[in-house]
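Inside the fold
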Amino acid sequence: MSINIFGQKADLTIENNITTLIKKMTLEEKIGQLSQPVLDEHTKEVGEKIAAGEVGSFCSFNKRHYTPSERNRLQKIAVEKSRLGIPILFTYDVIHGFSTIYPISLGLSASWDLDLAKDVASMAAKEARYYGIDMTFSPMVDVSRDPRWGRISECYGEDVLLNAAFGKATVLGYQGDDLSSHENIGSCVKHFVGYGLSMGGRDKQFTEISKNTLLNTYLPPFKSAVDAGAVSVMTAFNDISGVPASANRFTMQEVLKEQWGFDGFTLSDWDAVLELKNHGISGNDKESAEKAINAGLDMEMRSDTFKNLITSVKVGKVKIAVIDEAVRRVLRIKYRLGLFDNPYIDDKKSDKVQLTQANRELARKAGAESMVLLKNNGILPLSKNMRRLIVEGPFVNSKDMLGWWIGNADDNNVVTVEEGIRNKTDSKLEIIHGSLARNYDKTVLICLGESGGNFGESNCITDVTIPKSQIELVKEAKAKGKKVVVVIFNGRPWVLTPIMDYADAILIAWHPGTEAGNAVADVLFGDVNPSGKLTCSFPKTNGQIPVFYSDRISGRPRENKYKNIDANPLFEFGFGLSYTSFKYSNLKLSSNTLGKERTITVSVDVTNTGKREGKEIVQLYIHDKVASITRPKKELVKFSKLTIKAGATQTVTFKISASDFEFYNLDNKYTTEAGAYDLWVGGSSDCELSLKFTLED
Ligand code: BGC
């Protein structure tokens, strides 16, 4: 090992091997390494392309078209029939699971449990790598504050720090300690950058982002994933203030490669280079390819505009050094993934690691930890000894619980809510369907939600209000005098205002994955005390969108509202109930001043004031009161999830130091600015306990 110019560890043997290989490569073979066609059923044609050295990587390697042994067959063509025998990198969207599906990312983030996120990624990696996938297009760390945008389901919510933390945990989970192990996969973090701000919540719309906002809000989660070792970065579809992300030299070359020292490869999103023409920054495919590669894009997904680069190099529009550098990056990752030493997979073993009991158990745990209890007037948890339960709603027996990206999963393996309840209560409980009219039962469980096809890519909607027919079900049940428990399987924040007066309990279950029903039953019957907290605000009405906790204070805060309602969401970021309750007291700072080098300790007592053990997510926020630019009115800087026994008090401590308050200032310099700060600690972003401190020069 040695340290390269960016301070990263470079393996000299690998670098020398790459140099030797690049010297032998024709320009055509180099362009081949920068190409990622989609793998589909046209095997024969694909075989010819592989043998000709035209394929560096394949997108979409999955069960629909290929088995693990077919992957070996294709790889063999690359290794044995192509002139230089360079192995192929097989990729796929393993987003929240492969054969076993875990909660959608937005749901998982509501667990605020980074170890869990790492475990989930690690399990998914094992299933995927044994199937033959070398790299996944995940995590997605696009900060998003617009529930109309279908892809909000794929990120870790509205907050910068949480996206950064979950992004890092996920990369570490996928990649493990040894990338060449057949238990780990490479991670391609996406979508670089600012895609979550798509104008009006319309997918692939342009984004208007100042350099300072890019630096302070949209880039940090990517930096965190890159620092964790992500081998690749996928460039987004959006145009960032006039320069599409896939041809953006500032973000790809200056920030990512030069400032952050990223030594993996950048990959365009699906057809994003081809679409530069549609954006209107190039007149033809050749120009698109030139703009992309000259701006720092290394590999092209799906489209094949890069084949034009052969001419571009010959006529001097693209330097051969630029091509060689891109090839080097791709080959470096192939080496790190161990593909040169061991290009094949053990195709006999794949079946044994898919959907194992251990994976199912993890999915069940993750499902339950992700659920957020928004309302409970005491009806939950349900008693396991109850005799009858009326069940209603489109999701009681639905297997549509896997979200939008379902990997290689088969929804036949999904545990429905009714099955989960039966598993929990044996045959003692009589489950009655659709019997709202009958009067002899007091409790009705209504399972509502949206299909996995209603959110995700290109699934943007103008109205995120709970659908009318679902509101009617809740109202009807209440009108019949029932106790109404509502469970919602959603992929985005919903406007729940219309049911607030009619539901006795509301549990947000997201799309929990394969073990959906068991996880829901664990929470409903109290085997798991819910502890999830929202990572995205739930608006009161569509007109409030975007509404998020970290907006900035204006000159007239009292006027920052509407005529008809205030500007607060229905449920704020960080909110979530438990079957017990917590009280915060005794907030203290070890000092009221913080020097640049020192740390101070924040402590607070958290008391479980209820009758059962529970988990609480303790959140610490700050506000920089005077700075060279206006700062968020609150920013999450620390959090901790802890278990507290009934009646017990725990003192939670956080160490904070000046580096926790660094930001890009008026000069876009990453620094701290001395002055006064407010600090809050509590169980949501609306916490009350607060203190002040001063950051010294
Ligand atoms: C999506 C990416 C995804 C890619 C490959 C694109 O349309 O935007 O998130 O990884 O397809 O499937």
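All values reported here derive from a predicted model rather than from experimental measurement.

Some details on the site of the ligand
Taken together, Asp-93, Phe-137, Arg-151, Lys-190, His-191, Met-234, Phe-237, Asp-269, Trp-270, Met-301, Trp-405 and Glu-457 are the residues near the ligand. Taking His-191, its side chain carries an N or O atom lying 2.7 Å from an oxygen atom of the ligand. Contact with the protein chains covers 94% of the free accessible surface of the ligand, which is 310 Å². By residue class, the composition of the shell around the ligand is six nonpolar, one polar and five charged.

As for the packing of aromatic side chains
Counted by the stated rule, this structure contains 24 aromatic pairs. An angle of 90 degrees between the planes, with centres 4.7 Å apart, marks the rings of Trp-404 and Trp-405 as edge-to-face. Ring centres of Phe-571 and Phe-575 lie 5.4 Å apart, and the angle between their planes is 25 degrees; this geometry places the pair in the stacked category. Taken together, the aromatic side chains of Phe-58, Phe-61, Tyr-66, Phe-90, Tyr-92, Phe-98 and Tyr-131 make up a single cluster linked through ring pairs. Here the guanidinium or amino end of Arg-631 rests over the ring plane of Phe-663, the centre of that ring lying 4.1 Å away. When the ring centre of Trp-680 is taken as origin, the NZ or CZ atom of Lys-634, which lies over that ring, is 4.8 Å away.

Examining the UniProt feature "domain: Fibronectin type III-like" (unreviewed entry) in the protein
Listed under "domain: Fibronectin type III-like" (unreviewed entry) in the UniProt record, and renumbered for this structure, are residues 616-685. Structurally, residues 616-685 is divided into 0% helix and 57% strand, and its ends, taken at the C-alpha atoms, are 14 Å apart.

Considering the pattern of salt bridges
Counted according to the given criterion, the structure contains 43 salt bridges. Here Lys-533 and Glu-616 are joined by a salt bridge, their closest N and O atoms 3.1 Å apart. Within this pair, whereas Lys-533 is found in the loop between helix 19 (516-524) and strand 19 (582-589), its partner Glu-616 is found in strand 22 (residues 614-624), the two being separated by 83 residues in sequence. You can call Glu-616 buried: its relative accessible area is 5%. The residue Asp-551 makes a salt bridge to Lys-633 at a minimum N-O spacing of 3.2 Å. Note that Asp-551 is positioned in the loop between helix 19 and strand 19 and Lys-633 in the loop between strand 22 and strand 23 (635-644), a separation of 82 residues in sequence. Note on Asp-551: relative accessible area 29%, which makes it partly exposed. Connected via shared salt-bridge partners are Arg-151, Glu-154, Asp-203, Lys-204 and Glu-457.

Quick look at the pairing of strand 28 (residues 690-695)
Two strands pair when backbone bridges link them, and strand 20 (residues 593-594) and strand 28 are joined in this way by two bridges, in the parallel orientation. Within the sheet, the bridge partner assigned to Thr-593 lies in strand 28 and is Thr-694. Of the pairings in the sheet, the one linking strand 27 (residues 675-682) to strand 28 comprises six bridges and is antiparallel in character. If you follow Asp-678 over to strand 28, its bridge partner there is Lys-692.

Focus: the sheet that holds strand 17 (residues 483-489)
Taken in spatial order, the six strands of this open sheet run 13-18-17-16-14-15, and their pairing is mixed. The sheet terminates laterally at strand 13 (372-376) and strand 15 (430-433), the two strands that pair on one side only. Averaged over neighbouring strand pairs, the angle between their axes works out to 20 degrees when direction is ignored. The pairing of strand 13 with strand 18 (residues 505-508) spans four bridges and is classified as antiparallel.

A word on helix 6 (residues 114-131)
With 18 residues, helix 6 should reach 26 Å at 1.5 Å per residue; the first-to-last C-alpha distance of 26 Å fits that figure. Of all the residues in helix 6, the buried ones are Leu-116, Ala-117, Val-120, Ala-121, Ala-124, Ala-125, Glu-127, Ala-128, Arg-129, Tyr-130 and Tyr-131. Its side-chain oxygen 3.2 Å from the backbone nitrogen of Asp-115, Asp-113 forms the N-cap of helix 6. At the exit of helix 6 stands Gly-132, carrying a positive phi of roughly 125 degrees.

Comments concerning the nonpolar core
Of all hydrophobic cores here, the largest spans 55 residues; its most connected members are Phe-192, Val-193, Leu-214, Leu-219, Trp-260 and Leu-636. Broken down by element, the residue count for this core peaks at five residues, all from helix 7 (residues 160-175). In contact with Leu-636, other than residues within four places in its own chain, are Trp-112, Asp-159, Leu-161, Leu-162, Tyr-549, Phe-573, Gln-619, Leu-620 and Tyr-621.

Here's the deal with the sheet that holds strand 27
An order of 20-28-27-22-23 is seen for the five strands of this open sheet, with the pairing classed as mixed. The open sheet is flanked by strand 20 and strand 23, the only strands paired with a single partner.

Some thoughts on the packing of helix 7 against helix 9 (residues 220-227)
Relative to each other, helix 7 and helix 9 sit at 20 degrees, their axes nearing to 8 Å. By the criterion of interaxial angle, the relationship of helix 7 to helix 9 is roughly parallel. Between helix 7 and helix 9 lies a crossing whose hand is right-handed. Each of Val-160, Asn-163, Ala-164, Ala-165, Lys-168 and Val-171 in helix 7 lies in contact with helix 9, whose residues at this interface are Pro-220, Pro-221, Ser-224 and Ala-225.

Examining the side chain of Ser-684
For Ser-684, the location among the structural elements is in the loop between strand 27 and strand 28. Among all residues touching Ser-684, those that are not within four sequence positions of it are Glu-572, Phe-573, Gly-574, Phe-575, Gln-619 and Tyr-621.

Scoring rules and cut-offs
Residues numbered from 1 in each chain as written. Predicted model: local features only at pLDDT ≥ 70, side-chain atom pairs only at ≥ 80, totals over all residues. Heavy atoms only, no water. Near = heavy atom within 4 Å. Polar contact = N/O pair within 3.5 Å; in protein donor to acceptor, adjacent residues only side chain to side chain. Areas by Shrake-Rupley, 256 points an atom, 1.4 Å probe, with all protein chains shown as cover. Nonpolar A, V, L, I, M, F, W, Y, C, P; charged D, E, K, R; others polar. Phe/Tyr/Trp six-rings, centres within 6.5 Å; stacked < 30°, edge-to-face > 60°. Lys NZ or Arg CZ within 6 Å of the ring centre and 35° of its normal. UniProt positions renumbered as here; feature names shortened; annotations may be inferred. Helix = DSSP H or I, 4+ residues; strand = E, 2+ residues; numbered from the N terminus. Salt bridge = Lys/Arg side-chain N within 4 Å of Asp/Glu carboxyl O. Buried < 20%, exposed > 50% of the residue type's maximum accessible area, 1.4 Å probe, protein only. Pairing = 2+ DSSP bridges. Axes fitted to C-alpha atoms, helices over the stretch in contact; angles between N-to-C directions. Expected span 1.5 Å × (residues − 1). Core = buried A, V, L, I, M, F, W, Y, C linked by side-chain atoms within 4.5 Å. Contact = heavy atoms within 4.5 Å. Parallel < 35°, antiparallel > 145°, perpendicular 65-115°, else oblique. Left-handed = near helix turned anticlockwise from the far one by under 90°.

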